[in-house]
Amino acid sequence: MAAQLYKTHSGQLFHAGSIVIINVGLPARGKTHGSRSLIRYMNWLGVQSKSFHMGQYRRRLYGPDISADYFDLGNKEMAESRVKAENSCIEDIIEYLTTGGGQLAIFDASNLRAARRRQIYDKFEEFKIRPLFIEYICENEAIVDENIRKVKISSPDYITMDPDVAVSDFKERIARMAPHYETIEDTDLSYIKLYNVGEHFVVNNIRGYLQSRVVFYMMNLHISDRTIYLARSGESSNEGSYKADAPLSATGHNYARNLRDAITRRIEERNKGVLAKTGVDMSHRTLKVWTSTHVKSYQTAEYFAHRENVSVRRRMLLKGLNPGVCENLTLEEVKEKFPSEYQSYLRDPYHHRYSLAESYHDVSVRLEPVILELEREHDDILIIAPESALRCINAYFAPQGMPDSLIPTLAFPRSIFVELTPTAYGCKERRIGISPSNVDSSSSDSEDT
C-alpha cells in the first residue's frame with residue numbers, strides 16, 4: 001500500500017465498491033502477466049487486490065497431468081469438470097470481495113464463450129460485485145510463440161517436461177480451444193480489448209474512477225523482456241546534507257567507475273546466456289540510465305554517458321527524501337531535540353513526516369509517474385538515486401508485496417546493485433556485488449536521503 005492516498009473504515013477506496021476483472025482470451029496472450037502486473041499496481045495504490053488463476057484450481061482438483069480433452073470446450077464429458085473448477089474459483093473470489101477485505105479481484109481464466117461469460121457476470125452481480133472484462137487478443141503468431149517458449153513451458157504443468165514436448169502439448173491445448181472462442185460483442189458490458197499486447201485498445205462502457213485507473217494502467221503495460229537495475233548514488237563530499245547538494249567525493253568517483261564496470265559485466269553475462277539459450281542477440285539493446293537531479297547522482301551516471309547504446313536522463317522525481325528540520329542530524333540527535341516527533345516516527349516510520357520534511361509515503365506518491373514509465377519501457381533501465389527513492393521503487397516490485405513499515409529499513413549499500421526482472425509470474429530480484437576490493441566499505445555504512 002505504498003502510495004495509498006487515504007484510508008477508510010471499510011478499507012475500500014474511491015467510492016468504487018467491489019470490482020471483479022474477468023479475463024478473456026486464448027492461452028499465451030499475456031493474461032497472467034497483465035493480471036499480476038495490475039494487481040501489483042493496485043495493491044501499491046492501497047486497493048486490496050488479488051488474482052485468482054484458473055490453472056491453480058484445475059491442478060488442485062485434477063493434478064498437472066491432464067488430457068488435452070479437458071481444454072476442448074466441445075467435449076461434453078469434460079464440461080462438468082471444467083465448470084466445477086471454475087465455480088470453485090468464482091466462490092473464492094466472491095468470498096474475498098464480500099467478507100475477505102478485498103476490493104478488486106481478477107478471474108484469470110480463458111472465458112471464451114459468450115453464454116458462459118454472461119452466467120459469470122450475472123453471478124457476480126448477485127453479490128453487487130461490478131464486473132469488468134479484459135480481452136487479450138493477439139494476431140501476431142510470433143508474439144504467441146515467444147510467450148509459449150519463455151513463459152508457459154516453465155509453468156507448473158510442464159516443469160518436468162522436455163521443452164519441445166511442452167511447446168507441442170501447449171499448442172495442442174490452444175488448438176482445442178480456438179474453435180470455441182467468441183470475442184466480446186455485447187456493448188452493454190464494461191470491457192477493455194488489448195490487441196497484440198498493447199498495440200492498440202478498445203474501451204467500452206467504463207464506469208467510475210477505479211475502472212478508469214485500470215484502463216490507464218493497462219495502456220502502459222507490455223510483456224517484453226527487460227531488466228531494471230537499482231543503484232545508489234555515489235558518496236558526496238558532504239554526505240549528510242540534503243541542501244548542500246554536494247558533488248562526488250574521491251570515494252564517490254571510485255564507486256561510480258566500479259558501478260559502471262559491474263553493470264557492464266552483468267549485461268554482457270546476461271546477453272551471452274540469452275544468445276546461447278535462445279539464439280537472440282541482445283548486444284545492441286539500449287540501456288537507459290535515469291538519475292535524480294542531485295549532483296552526486298548525475299555525476300555517478302556520467303560514467304555511463306559515453307558508452308555505446310546508453311542514454312542518460314535526469315529525473316527530478318527521483319530526488320531523495322527531504323529531511324526538513326532533521327538535516328544533518330543523527331537519530332540520537334533527533335531523539336534528543338524532538339522527543340515527541342521521534343516517538344511518532346518509531347510508531348510509523350513510513351508515514352511520519354518531520355517538520356518541513358517529506359515522509360516515505362510522500363516519496364512513493366511522487367514516484368508514481370516513474371513507476372508507470374517503468375512499466376511502459378521496453379528497454380533496460382538503470383536507476384541511480386538516493387537510498388530513500390530506491391527503497392520505494394524496490395517495494396513496488398517486491399514479489400509478494402511489502403508492509404509499509406519495512407520500506408524505510410531496506411538497505412542499499414554501495415557494495416551491491418539490485419537487478420529486477422519482471423516476469424509473468426512475479427518479479428525476480430537479485431542483489432549483485434560490486435567488486436569489494438574496489439569499493440570503499442565505509443561508503444556502505446552511511447545513509448543518504
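Residues numbered from 1 in each chain as written. Predicted model: local features only at pLDDT ≥ 70, side-chain atom pairs only at ≥ 80, totals over all residues. Heavy atoms only, no water.

How should I be thinking about the overall build of the protein in this particular structure?
Each helix and strand counted, the protein has 14 helices and twelve strands in total. Rg of the C-alpha trace for the protein: 24 Å, near the compact-globule value of 22 Å for 449 residues, within the 12% margin. Projected onto its principal axes, the C-alpha coordinates of the protein cover approximately 75 × 55 × 35 Å. In the protein, which comprises 449 residues, the proportion classed as buried is 53%. Looking at the protein alone, contacts between residues at least 24 apart form 71% of all its contacts between residues at least 6 apart. For the protein, the computed accessible surface area is about 20400 Å², with 50% contributed by carbon and sulfur atoms. (Helix = DSSP H or I, 4+ residues; strand = E, 2+ residues; numbered from the N terminus. Rg over C-alpha atoms; globule rule 2.2 N^0.38 Å. Buried < 20%, exposed > 50% of the residue type's maximum accessible area, 1.4 Å probe, protein only. Contact = heavy atoms within 4.5 Å. Areas by Shrake-Rupley, 256 points an atom, 1.4 Å probe, with all protein chains shown as cover.)

How do you make sense of the pairing of strand 10 (residues 380–385) when you look at a structure like this?
Every regular strand shows the same layout, with side chains that alternate between the two sheet faces. The buried count for strand 10 comes to six of six residues, which makes it a mostly enclosed element. Going residue by residue along strand 10, you find D380, L382 and I384 tucked away on one face and I381, I383 and A385 tucked away on the opposite face as well. Taken together, the five bridges between strand 7 (residues 228–232) and strand 10 define a ladder with parallel strand orientation. Its bridge partner lying in strand 10, I228 is registered against I381. Two strands pair when backbone bridges link them, and strand 8 (residues 287–291) and strand 10 are joined in this way by five bridges, in the parallel orientation. Each bridged residue has a counterpart across the sheet, and for K288 the counterpart in strand 10 is I381. (Pairing = 2+ DSSP bridges.)

What is the right way to read the pattern of salt bridges from this model?
Two side chains bearing opposite charge may form a pair once their charged atoms approach each other closely. Here the structure, examined in full by the defined rule, presents 28 salt bridges. One salt bridge in this structure joins R116 and E86, with 2.8 Å as the shortest N-O distance. Taken together, the residues R116 in helix 4 (residues 114–126) and E86 in helix 3 (residues 79–98) connect sequence positions 30 residues apart. What emerges from the salt-bridge pattern is a single network uniting R40, R226 and E375. (Salt bridge = Lys/Arg side-chain N within 4 Å of Asp/Glu carboxyl O.)

How should I be thinking about the nonpolar core in this particular structure?
With 52 residues, the main nonpolar core has I21, M42, V214, M218, L230 and I383 as its most contacted residues. When sequence neighbours within four positions are dropped, the list of residues in contact with I383 reads Y229, L230, A231, W290, L318, L374, L390 and I393. Core analysis: the second largest hydrophobic core is formed by 31 residues, Y70, A85, A109 and Y191 among them. (Core = buried A, V, L, I, M, F, W, Y, C linked by side-chain atoms within 4.5 Å.)

Sorry, what's going on with the side chain of H294 here?
Note on placement: H294 falls in the loop between strand 8 and helix 9 (295–301). Judged by its relative accessible area of 6%, H294 is buried. Setting aside residues no more than four positions away along its own chain, H294 makes contact with Y242, D245, K319, G320 and P386.

Help me understand the pairing of strand 7 in this model?
For strand 7, the tally of buried residues reaches five of five residues, placing the bulk of the element in the interior. Pairing of strand 7 with strand 11 (residues 416–423) involves three bridges; the strand directions are antiparallel. Across the sheet, the residue bridging to I228 is L420, located in strand 11.

Help me understand the environment of V370, please; the structure alone is not making it clear to me.
Among the structural elements, V370 can be located in helix 13 (residues 368–376). The class of V370 is buried, set by a relative accessible area of 0%. Taking the C-alpha atoms as reference points, V370 and R40, separated by 330 residues in sequence, lie 15 Å from one another.

Which parts of the structure should I look at to understand the packing of helix 1 (residues 31–45) against helix 7 (residues 208–218)?
A pair of packed helices can be characterised by two numbers: the angle between their axes and the separation between those axes. Contact geometry for helix 1 and helix 7: axes closest at 11 Å, N-to-C directions at 130°. Classed by the angle they form, the pair helix 1 and helix 7 counts as oblique. Classified by chirality, the crossing of helix 7 by helix 1 is right-handed. Along its contact with helix 1, which presents S37, L38, R40, Y41, M42 and L45, the element helix 7 presents L210, R213, V214, Y217 and M218. In terms of residue class, the contact of helix 1 with helix 7 is made up of eight nonpolar, one polar and two charged. (Axes fitted to C-alpha atoms, helices over the stretch in contact; angles between N-to-C directions. Parallel < 35°, antiparallel > 145°, perpendicular 65-115°, else oblique. Left-handed = near helix turned anticlockwise from the far one by under 90°. Nonpolar A, V, L, I, M, F, W, Y, C, P; charged D, E, K, R; others polar.)

Help me out: how do you make sense of helix 5 (residues 141–150) in this one?
Each α-helix turn comprises 3.6 residues. Residues three or four places apart therefore point the same way. All of the buried residues in helix 5 are V144, N147 and I148. On an axial view of helix 5, the arc spanned by its buried residues comes to 100°, and they lie on one face. Buried positions along helix 5 lie against helix 6 (163–177). Two or three places before A142, at the opening of helix 5, N140 has a side-chain oxygen 2.9 Å from that residue's backbone nitrogen. (Arc of directions from axis to C-beta. Polar contact = N/O pair within 3.5 Å; in protein donor to acceptor, adjacent residues only side chain to side chain.)

Where do I start with the confidence of the model for the protein in this structure?
In low-pLDDT segments, the atomic positions of the prediction should not be examined closely. Averaged over all residues, the pLDDT of the protein equals 89, while 92% of them reach at least 70. Low pLDDT, under 50, characterises residues 437–446; the predicted model gives this stretch 17 contacts beyond four residues in sequence or across chains. (pLDDT = per-residue confidence, 0-100.)

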